[in-house]
Amino acid sequence: MQALRCTKCRLCETRNSVVFGMGDPRSDLMFVGEGPGAEEDRQGLPFVGRSGKLLDRLMVEEMGLTRETAFIANVVKCRPPDNRDPKPDEIESCRPYLEEQIRIVDPRVIITLGNFSARLLLDTKVGITKLRGHAYDYGDSVLVPTLHPAAVLRGGGAAMANMRADLVRAKMIVSGGHADTITVEAIAS
Ligand code: SF4
């Protein structure tokens, strides 16, 4: 696979693994996070550290699903050193891989985790705290933004409650419920 040898951005110089994605490529549900952390870089798998354990738990509790039933990917496939934010040119370099993954999986629902994936896919600078709580059209899919589980681990009860509510909203849409979508412009105004 081309991405596994990719040198399109500087993140290739410090990575141990290209963390391309995992799960069921025919799933109706796809998660998109930010980028691999230290544990993900070691194992070559997305969301396998503390954040991933929380995501697994909330998926079971709020959606009745395990990670094997979804597809999980990130905006950048290589770890930004010292867990810094991915830079705009790195995101842009990696973007074709994510777009191709979304095209292949063709999920009913995309759940974005945190700021970077929501802003990239919704093409906006609006932050996740404003974007979450709603659903948006993304091609033939419905995009449901929620917080990054790492932010939920830091943020405590209110953040946890918000993420739970977002997962319930996504589950209803995956299950065939009506998606009451709005536009980013409506949120931004
Ligand atoms: S982050 Fe993406 S674009 Fe950059 S080297 Fe890794 S796979 Fe290639």
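Residues numbered from 1 in each chain as written. Predicted model: local features only at pLDDT ≥ 70, side-chain atom pairs only at ≥ 80, totals over all residues.

A.B. asks: An account of the overall build of the protein chain is needed here, citing residue identities and associated values.
C.D. replies: When you go through the protein chain residue by residue, the secondary structure sums to eight helices and six strands. Along the protein chain, from the amino end to the carboxyl end, the secondary structure elements read β-β-α-α-β-α-β-α-α-β-β-α-α-α. The C-alpha radius of gyration of the protein chain comes to 15 Å, within 12% of the 16 Å expected for a compact globule of 189 residues. With respect to the three principal axes, the spread of C-alpha positions in the protein chain is 45 × 30 × 30 Å. Across the 189 residues in the protein chain, those meeting the buried criterion constitute 43%. (Helix = DSSP H or I, 4+ residues; strand = E, 2+ residues; numbered from the N terminus. Rg over C-alpha atoms; globule rule 2.2 N^0.38 Å. Buried ≥ 20, exposed ≤ 12 C-beta atoms within 10 Å, placed from the backbone.)

A.B. asks: Before we move on, could you go through unusual backbone geometry and cite the residues and values that matter?
C.D. replies: Backbone geometry at Asp-82 places phi at a positive 55°, although glycine is not the residue there. Here Asp-82 is to be found in the loop between β3 (71-74) and α3 (88-105). Positive phi, close to 60°, is recorded for Asn-83, a residue that is not glycine. The topology assignment puts Asn-83 in the loop between β3 and α3.

A.B. asks: Quick one: what's the story with the site of the ligand, residue by residue and with numbers?
C.D. replies: Taken together, 14 residues sit near the ligand, with Cys-6, Cys-9, Cys-12, Cys-78 and Cys-94 positioned nearest. Partitioning the shell around the ligand into residue classes produces nine nonpolar, two polar and three charged. (Near = placed C-beta within 6 Å. Nonpolar A, V, L, I, M, F, W, Y, C, P; charged D, E, K, R; others polar.)

A.B. asks: Let's hear about the pairing of strand β2 (residues 29-33): which residues, and what values?
C.D. replies: Burial analysis of β2 places five of its five residues in the buried class, the great majority of the element. The alternating pattern of β2 places Leu-29, Phe-31 and Gly-33 on one face and Met-30 and Val-32 on the opposite face, and all of these are buried. Inspection of the sheet shows β2 paired to strand β4 (residues 109-113) by four bridges, in the parallel sense. Considered in β4, the bridge of Val-32 is made with Thr-112. Bridge count for β2 against β3 is four bridges, and the pairing is parallel. By the bridge assignment, Met-30 is partnered in β3 with Phe-71. (Pairing = 2+ DSSP bridges.)

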